[in-house]
Amino acid sequence: MTARMIDGKACAQRLIAEIRERVSTRVASGRPAPGLAVILVGNNPASQIYVGNKRKLTDTTGLRSFSYDLAETTSQQELIALIDRLNADSAVNGILVQLPLPKHIDADSVTECIDPNKDVDGLHPYNMGRLLLKRPVLRPCTPQGCMVLLRSTGEDLVGKHAVVIGQSNIVGRPMALELLMARCTVTVCHSATRDLAGIVGTADILVAAMGKLRFVQGQWIKPGAIVIDVGTNRTPEGKLRGDVDFDAAKERAAWITSVPGGVGPMTVAMLLSNTLKAAEIQEGPVAVDASRSS
Ligand code: GUN
């Protein structure tokens with residue numbers, strides 16, 4: 001068997017064309033273009049590339065882009081002061097703080113300061129809680145993008161055994177909740193999991209998000225599985241590759257994503273989609289007040 005490709009780039013381009021159309025309709029009817037503020041702290045080279053892509057695409061979709069590049073030495077207090085200003089700015093509908101942050105800043109505390117209605121990453125406890133309770137509002141971008149890719153196969157997901165490798169707040173945990181909401185039977189594996197290969201061998205759907213270059217071997221894959229590779233690792237030659245040994249896995253899977261060109265472009269498309277959604281939530285009658293209690 002040679003797997004069919006799940007084309008994340010094409011899927012993202014379709015979504016972005018749709019978003020561009022909706023933004024243009026909004027603007028033509030006299031409403032402002034939704035604004036997205038992207039904050040980068042420090043000089044992490046990978047983050048600089050990701051943030052550059054996010055900002056470029058925000059502009060080309062007709063959304064307003066607000067860029068904040070802060071020094072590595074920025075204090076947590078200074079970062080939170082900026083977020084407070086953006087929370088109060090009606091031209092800013094979405095706020096994204098690129099992760100990871102420098103070690104002296106507590107990312108969870110910073111995330112909790114973002115207005116949940118502007119939390120386009122979907123990582124605020126309010127939005128995570130909504131997802132946990134099967135009533136999602138703003139959903140984490142990468143898992144949401146993976147669900148769009150899974151649905152693009154046309155396969156029925158109900159009752160399938162989905163295995164997620166990785167338990168991060170950004171991908172693994174919300175991914176498991178998304179799959180559960182799609183009525184999959186879900187297993188979450190992590191660094192203390194015993195017999196990972198054996199569990200992967202039972203997966204109808206595999207989402208690899210542990211961040212280890214080509215860790216998942218081809219012979220682990222259940223024949224006919226759908227394989228979604230969230231990994232973004234550099235080879236010693238500097239090439240971008242996933243957590244799955246693609247060449248071997250594609251001989252067993254029915255569907256598979258590539259790295260690059262798979263999940264990555266979908267994450268950015270979902271961010272733009274969330275920004276549009278955030279603007280609509282803020283205009284609507286039921287914007288929540290779940291901001292800091294202190
Ligand atoms: N760093 C890597 N992925 C992400 C993401 O989806 N959101 C944020 N804020 N930072 C990231």
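Residues numbered from 1 in each chain as written. Predicted model: local features only at pLDDT ≥ 70, side-chain atom pairs only at ≥ 80, totals over all residues. Heavy atoms only, no water.

Engineer: Outline the overall build of the protein chain, listing residues and values.
Structural biologist: A tally of helices and strands in the protein chain yields ten helices and eleven strands. By the compact-globule yardstick of 19 Å for 294 residues, the protein chain fits well, its C-alpha radius of gyration being 19 Å. Here the contacts in the protein chain between residues at least 6 apart in sequence split such that 70% fall between residues at least 24 apart. For the protein chain, the accessible area works out to roughly 13,700 Å², and carbon and sulfur atoms hold 52% of it. Separation of charge centres in the protein chain, based on 33 positive and 29 negative side chains, amounts to 4 Å. (Helix = DSSP H or I, 4+ residues; strand = E, 2+ residues; numbered from the N terminus. Rg over C-alpha atoms; globule rule 2.2 N^0.38 Å. Contact = heavy atoms within 4.5 Å. Areas by Shrake-Rupley, 256 points an atom, 1.4 Å probe, with all protein chains shown as cover. Lys, Arg positive; Asp, Glu negative; His and termini not counted. Charge placed at Lys NZ, Arg CZ, Asp CG, Glu CD.)

Engineer: Could you give me a rundown of helix H7 (residues 172-181), with the residues and numbers involved?
Structural biologist: The buried fraction of H7 is high, at seven of ten residues. If you check which residues of H7 are buried, you get Gly172, Pro174, Met175, Ala176, Leu177, Glu178 and Leu179. Among the structural elements, helix H5 (125-132), helix H6 (141-152), strand E5 (161-165), strand E6 (185-189) and strand E7 (205-208) are those in contact with the buried residues of H7. Remark: Arg183 follows H7 within two positions and exhibits a positive phi of approximately 70°. (Buried < 20%, exposed > 50% of the residue type's maximum accessible area, 1.4 Å probe, protein only.)

Engineer: Break down the environment of Pro260 for me, with residues and values.
Structural biologist: In this fold, Pro260 is placed in the loop between strand E11 (255-256) and helix H10 (263-283). For the pair formed by Pro260 and Cys141, sequence separation is 119 residues and the distance between their alpha carbons is 17 Å. Apart from residues no more than four positions distant in its own chain, Pro260 is found in contact with Leu240 and Arg241.

Engineer: I'd love a proper account of the packing of helix H1 (residues 8-28) against H10, names of residues and values included.
Structural biologist: The N-to-C vectors of H1 and H10 enclose an angle of 25°; their axes lie 8 Å apart at closest approach. On the basis of the axis angle, H1 is roughly parallel to H10. Two packed elements cross with a definite hand, and for H1 against H10 that hand is left-handed. Taking contact as the criterion, the partners of Gly8, Lys9, Cys11, Ala12, Leu15, Ile16, Ile19, Arg22, Val23 and Arg26 in H1 are, on H10, Pro265, Met266, Ala269, Met270, Leu272, Ser273, Leu276, Ala279, Glu280 and Glu283. Grouping the amino acids of the contact of H1 with H10 by side-chain chemistry returns 13 nonpolar, two polar and five charged. (Axes fitted to C-alpha atoms, helices over the stretch in contact; angles between N-to-C directions. Parallel < 35°, antiparallel > 145°, perpendicular 65-115°, else oblique. Left-handed = near helix turned anticlockwise from the far one by under 90°. Nonpolar A, V, L, I, M, F, W, Y, C, P; charged D, E, K, R; others polar.)

Engineer: Before we move on, could you go through the sheet that holds E5 and cite the residues and values that matter?
Structural biologist: Within the open sheet, the six strands sit side by side as E1-E11-E8-E7-E5-E6. Their pairing is parallel. Where the open sheet ends on each side, the last strands, each with one partner, are strand E1 (4-5) and E6. Note: E7 against strand E8 (residues 226-229), four bridges, orientation parallel. By the bridge assignment, Ile205 is partnered in E8 with Ile226. Contacting E5, E6 and E7, H7 crosses the sheet at an angle of about 170° to E5. (Pairing = 2+ DSSP bridges.)

Engineer: So what's going on with the nonpolar core? Which residues, and what values?
Structural biologist: If you look at the biggest cluster of nonpolar residues, it comprises 47 residues, and the most contacted ones within it are Leu150, Leu179, Ile205, Val207, Ile228 and Val230. Residue assignment for this core shows that the elements contributing at least two residues are H1, strand E2 (35-41), H6, E5, H7, E7, E8 and H10. Counting residues per element, this core draws most heavily on H10, at nine residues. Residues contacting Val230, with those up to four places away along its chain left out, are Thr142, Cys146, Val171, Val207, Ala208, Ala209 and Val263. (Core = buried A, V, L, I, M, F, W, Y, C linked by side-chain atoms within 4.5 Å.)

Engineer: Quick one: what's the story with unusual backbone geometry, residue by residue and with numbers?
Structural biologist: Note the cis peptide between Leu99 and Pro100, where omega equals 0°. Position of Pro100 relative to the elements: it lies in the loop between strand E4 (94-97) and helix H4 (107-113). In this structure, the amide linkage connecting Val259 to the following residue, Pro260, adopts the cis form with an omega of 0°. Even without a glycine there, the phi angle at Lys134 is positive, about 65°. The exposure class assigned to Lys134 is exposed, which follows from its relative accessible area of 62%. For Asp195, which is not a glycine, the phi torsion comes out positive at approximately 55°. With respect to the secondary-structure elements, Asp195 resides in the loop between E6 and helix H8 (196-200).

Engineer: Tell me about the site of the ligand, and name the residues and values.
Structural biologist: Surrounding the ligand, one finds Leu96, Val97, Gln98, Leu99 and Asp121. The separation between a nitrogen atom of the ligand and a polar side-chain atom of Gln98 is 3.1 Å. Relative to its unbound accessible surface of 280 Å², the ligand loses 82% to contact with the protein. In the shell around the ligand, the residues fall into three nonpolar, one polar and one charged. (Near = heavy atom within 4 Å. Polar contact = N/O pair within 3.5 Å; in protein donor to acceptor, adjacent residues only side chain to side chain.)

Don't take any of this as a statement about function, it's just geometry.
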